[in-house]
Amino acid sequence: MASVREVTFELFREHGMTTIFGNPGSTELPMLAEFPDDFRYVLGLQEAVAVGMADGYAQASGRPAHVNLHTAPGVGNGMGAIFNAQANHSPLVVTAGQQVRAHITMQANLTNRDATRVVHPFVKWSFEPPRAQDVPHAIARAIHTASLAPRGPAFVSLPMDDWNVEAEDASGAVVARSSEPRSGPDPDAIKALAKRLEEASNPVLVAGPDIDTSGGWDDAVALAERQKLPVFASPAPGGGRLGFPEGHPLFQGVLPPAIGPVAETLKGRDLIVVIGSSVFPYYPYIPGPLLPEGATLVAITSDPDEAARAPMGDVILADPALALRALLAEVGEANRAEPKPLQEPSAGDDSDPMTPTMVHNTLAQVFPDDGIIVLESPSSTLALRNQLRLSQSGSYYFGAGGGLGFGLAGAIGVQLAQPDRPVVCVLGEGSAQYAITGFWSAAAYDVPVTFLVLRNDEYSILKWFADVEEVAGAPGLDLPALEVAKVAEAYGVASKQVSGRDELHAALESAIGSGKPQLVEVPVTPGMALF
Ligand SMILES: Cc1ncc(C[n+]2csc(CCOP(=O)(O)OP(=O)(O)O)c2C)c(N)n1
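The notes below deal with the structure included here. Bear in mind that the values here come from a model prediction, so they are computed numbers and not experimental data.

## Some remarks on the site of the ligand
By nearness alone, 16 residues border the ligand, and Ser-379, Gly-402, Ser-431, Asn-456 and Ile-461 come closest of all. Here Leu-404 contributes a backbone N or O atom positioned 3.1 Å from a nitrogen atom of the ligand. About the coverage of the ligand: the protein hides 77% of its 590 Å² of free accessible area. Here the residues of the shell around the ligand are counted per class, giving six nonpolar, eight polar and two charged.

Right, here's the structure in full:
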């Protein structure tokens, strides 16, 4: 009979989860014993990095990913990244070692006390199997839970003496199970929405991240084109992916992330159809009407919690791609005037140091068609979106939860999942610190991400927030002498500091084509860059 370890690894194999991210300790070593040749272990030197890499990998592969952490302190270090994974709807199976069962009651050293409670608000399910023989079933349950809508992390605590125990007969059945996580929409609800859309005189589509996650990219384009819908992207802070090509003539820009400004931007619309987003990921608080006068809203989401918590509008609970396909089968060609396309982006004024807008304009010139951006440069998020106008499915990843550290770590996971697409990770020098040891993983596994670091010597976005919040005299917002390029170099990533458009252009072009992890650091002017 096979051991619990053998059956569990067979389960991972069955689900295509042969890459394990982690940071091990003595309580995890028994799981990793006799590590099979067809598996790979990707070491993160700190747990925020291990979880962030797994998050990027899960999102970019579209499959559940496994990250293994070291009992209580390892989980503790990973919590911010687990929070991010939940916001990203990322199907993560998080496991952590636990003391030997005979040691748990006396709470011997390294016992993860209340292991299942610690992670609770940030995971969909958390569990410690009551018997060693239940480990494969518990992990199978975590895989299915993480993969079902809304996708998100599930946690299993694994006592370290479970692995050599003989598995039970029923394990084979658990390994063989599959789940199809999508559910389709109520056909009557779709018919009713199609009618409202056709009867509306000035409707608009708000495209959210889960359009891309669900594989509905082409259907969203087809719907917008057939119905001549102007399209806005859902607000940037909560939008971990793009839902619509931003270079498309129907694209009208990114919705602002606050209550009043959303209503203002959508003024004059009579029907707002939101697909694959919460309604809405607002921040900061700028009060106002929830909807412009005369408007109604319908949201389509696969997340029952998003459906329930929206403060206004009707909702259809369904996989966004399946709902889009169903809607396409019901709506005809609209006879509306097409909206005016957005203006072409402009590079703005030359300056020394460069503006973030000019940096992203330069990046746009060298950015390959099949490139992927992983973004964590808070004060230049909108400038990057506007300058690059990314227009391919799976070309943009952003930490939807707002917890810094996703960018650097997530980019490594995205690149591992998409080895044929060049990944450019755009970071603020402050943001890079939250996953700084990720540079080691990029170098150690030769993951060819190009890191572009914008250095403005401060937490620019927090200075902007201080103005919005009317806060004067807050300390801790300046970052003098933070040498990201030197630190990355010490971890093994070849790094360059450049200034000016020509140097930046050349450095980016050579880094992106190099097939190696490389970093380009560029000084920029401080302040919010909106275009
Ligand atoms: C884990 C975590 N800690 C703190 C913050 C608060 N925060 C948001 S943006 C920011 C500054 C980021 O600085 P930098 O990357 O240099 O970008 P800039 O604002 O200068 O564009 C901070 C500290 C956060 N979002 N996440």
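## Observations concerning the packing of helix H1 (residues 4-14) against helix H7 (residues 135-147)
Between H1 and H7, the least distance of the axes is 9 Å, while the angle of their chain directions is 20°. Considered as vectors, H1 and H7 are oriented roughly parallel to each other. Our pair here, H1 against H7, has a crossing hand that is right-handed. Counted together, Val-4, Val-7, Thr-8, Leu-11 and Phe-12 of H1 and Val-135, Pro-136, Ile-139, Ala-140 and Ile-143 of H7 form the full contact between these two elements. Considering only residue class, the contact of H1 with H7 consists of nine nonpolar, one polar and no charged.

## Here we look at the nonpolar core
Val-67, Leu-69, Leu-92, Phe-439, Phe-451 and Leu-519 are the most contacted members of the largest nonpolar core, which totals 52 residues. Sequence-distant contacts of Val-67, that is, excluding residues within four places in its chain, are made with Phe-21, Gly-22, Ala-50, Val-51, Ala-54, Leu-92, Val-93, Val-94 and Thr-95. Listed in part, the 30 residues of the second largest apolar core include Ile-211, Ala-224, Ile-275 and Ala-318.

## Side note on the sheet that holds strand S15 (residues 423-428)
Pairing in this open sheet of six strands is parallel, and the strands run S14-S13-S15-S16-S18-S17 from one edge to the other. In this open sheet, the two edge strands, each paired with only one partner strand, are strand S14 (396-398) and strand S17 (494-497). Neighbour to neighbour, the strand axes of the sheet diverge by 15° on average, direction disregarded. Note: strand S13 (residues 372-376) against S14, three bridges, orientation parallel. Bridge pairing in S14 links Ile-373 to Tyr-396. Packing of helix H15 (residues 356-366) onto the sheet brings it into contact with S13, S15, strand S16 (450-455) and strand S18 (518-523), and relative to S16 it is tilted by some 160°.

## As for the packing of aromatic side chains
Applying the stated criterion across every chain, the model contains 14 aromatic pairs. Plain terms: the ring middles of Phe-35 and Tyr-41 are 6.3 Å apart, the flat faces sit at 85° to each other, and that makes the pair edge-to-face. Since its relative accessible area comes to 26%, Phe-35 is described here as partly exposed. Overall, the relative accessible area of 19% leaves Tyr-41 in the buried class. Centroid distance Phe-439 to Phe-451: 5.0 Å. Interplanar angle 85°. Geometry classified as edge-to-face. With a gap of 12 residues between them, Phe-439 in helix H18 (residues 438-444) and Phe-451 in strand S16 connect regions that are remote in the sequence.

## A closer look at the environment of Ala-334
Relative to the helices and strands, Ala-334 is located in the loop between helix H14 (320-328) and H15. On the accessibility criterion, Ala-334 (11% relative accessible area) is buried. Remark: the alpha-carbon pair of Ala-334 and Ala-224, spanning 110 residues in sequence, is separated by 9.8 Å. Each residue touching Ala-334, except ones within four places of it in the same chain, is listed here: Arg-226, Gln-227 and Lys-228.

## Comments concerning the side chain of Ser-234
Tracing the chain through its elements places Ser-234 in the loop between strand S8 (231-233) and strand S9 (251-254). Those residues in contact with Ser-234 that sit more than four places away from it in its chain are Val-206, Ala-207, Gly-208, Pro-209, Val-254, Leu-255 and Ser-277.

## Comments concerning the pattern of salt bridges
On inspection of all chains with the given rule, the structure shows 22 salt bridges. Two residues, Asp-219 and Arg-325, come together in a salt bridge whose shortest N-O distance is 3.1 Å. One end of the pair, Asp-219, is in helix H11 (residues 217-227); the other, Arg-325, is in helix H14, and 106 residues separate them in sequence. For Arg-325, a relative accessible area of 39% translates into the label partly exposed.

## Brief notes about the environment of Glu-429
Here Glu-429 shows up in the loop between S15 and H18. Taking the relative accessible area as the measure of exposure, Glu-429 reaches 1% and is therefore buried. Distance from Glu-429 to Val-522, taken between C-alpha atoms, is 9.8 Å for residues 93 residues apart in sequence. Setting aside chain neighbours within four positions, we find Glu-429 in contact with Val-453, Leu-454, Arg-455, Asn-456, Asp-457, Glu-458, Leu-479, Leu-482 and Val-484. Polar contacts involving the side chain of Glu-429 include one to the main-chain amide nitrogen of Asp-457, which spans 2.6 Å.

## Quick notes on a nonpolar patch on the surface
Among the surface-exposed residues, Leu-382, Leu-530 and Phe-531 lie close enough to one another that they form a single nonpolar patch of about 290 Å² accessible area. Along the chain, Leu-382 turns up in helix H16 (residues 381-388).

## Considerations on helix H3 (residues 47-61)
Look at H3: 21 Å from first C-alpha to last across 15 residues, which is about the 21 Å you get at 1.5 Å a residue. Burial analysis of H3 places 14 of its 15 residues in the buried class, the great majority of the element. Phi turns positive one or two residues past the end of H3, at Gly-62, with a value near 75°.

## Let's talk about the sheet that holds strand S4 (residues 92-98)
One open sheet holds the six strands; their spatial order is S2-S1-S3-S4-S6-S5, and the pairing between them is parallel. Edge positions in the open sheet fall to strand S2 (40-43) and strand S5 (125-127), since each of these has one partner strand only. In this sheet, neighbouring strand axes are inclined to one another by 20° on average, regardless of whether the strands run parallel or antiparallel. Inspection of the sheet shows strand S1 (residues 19-22) paired to strand S3 (residues 65-69) by three bridges, in the parallel sense. In the strand pairing of S3, Gly-22 is matched with Asn-68. In the packing of helix H4 (residues 71-87) onto the sheet, contacts are made with S3, S4 and strand S6 (154-159), and the angle to S4 comes to roughly 170°.

## Describing the pairing of S18
Within S18, five of the six residues are buried, leaving the element largely enclosed by the surrounding structure. Relative to S18, S17 is paired through four bridges, and the arrangement is parallel. Its bridge partner being in S18, Lys-496 is matched across the sheet by Val-520.

## Details of the side chain of Ser-126
Turning to its location among the elements, Ser-126 is positioned in strand S5. Classification of Ser-126 as buried rests on a relative accessible area of 10%. Only 2.4 Å separates the side chain of Ser-126 from the backbone oxygen of Thr-116, close enough to count as a polar contact. Once residues lying within four places of it in the same chain are set aside, the contact partners of Ser-126 are Thr-116, Arg-117, Val-119, His-120 and Phe-155.

Each value, and the rule that gives it
Residues numbered from 1 in each chain as written. Predicted model: local features only at pLDDT ≥ 70, side-chain atom pairs only at ≥ 80, totals over all residues. Heavy atoms only, no water. Near = heavy atom within 4 Å. Polar contact = N/O pair within 3.5 Å; in protein donor to acceptor, adjacent residues only side chain to side chain. Areas by Shrake-Rupley, 256 points an atom, 1.4 Å probe, with all protein chains shown as cover. Nonpolar A, V, L, I, M, F, W, Y, C, P; charged D, E, K, R; others polar. Axes fitted to C-alpha atoms, helices over the stretch in contact; angles between N-to-C directions. Helix = DSSP H or I, 4+ residues; strand = E, 2+ residues; numbered from the N terminus. Parallel < 35°, antiparallel > 145°, perpendicular 65-115°, else oblique. Left-handed = near helix turned anticlockwise from the far one by under 90°. Contact = heavy atoms within 4.5 Å. Core = buried A, V, L, I, M, F, W, Y, C linked by side-chain atoms within 4.5 Å. Buried < 20%, exposed > 50% of the residue type's maximum accessible area, 1.4 Å probe, protein only. Pairing = 2+ DSSP bridges. Phe/Tyr/Trp six-rings, centres within 6.5 Å; stacked < 30°, edge-to-face > 60°. Salt bridge = Lys/Arg side-chain N within 4 Å of Asp/Glu carboxyl O. Patch = residues over 30% accessible without salt bridge, like charges linked within 9 Å, V, L, I, M, F, W, Y side chains within 5 Å. Expected span 1.5 Å × (residues − 1).

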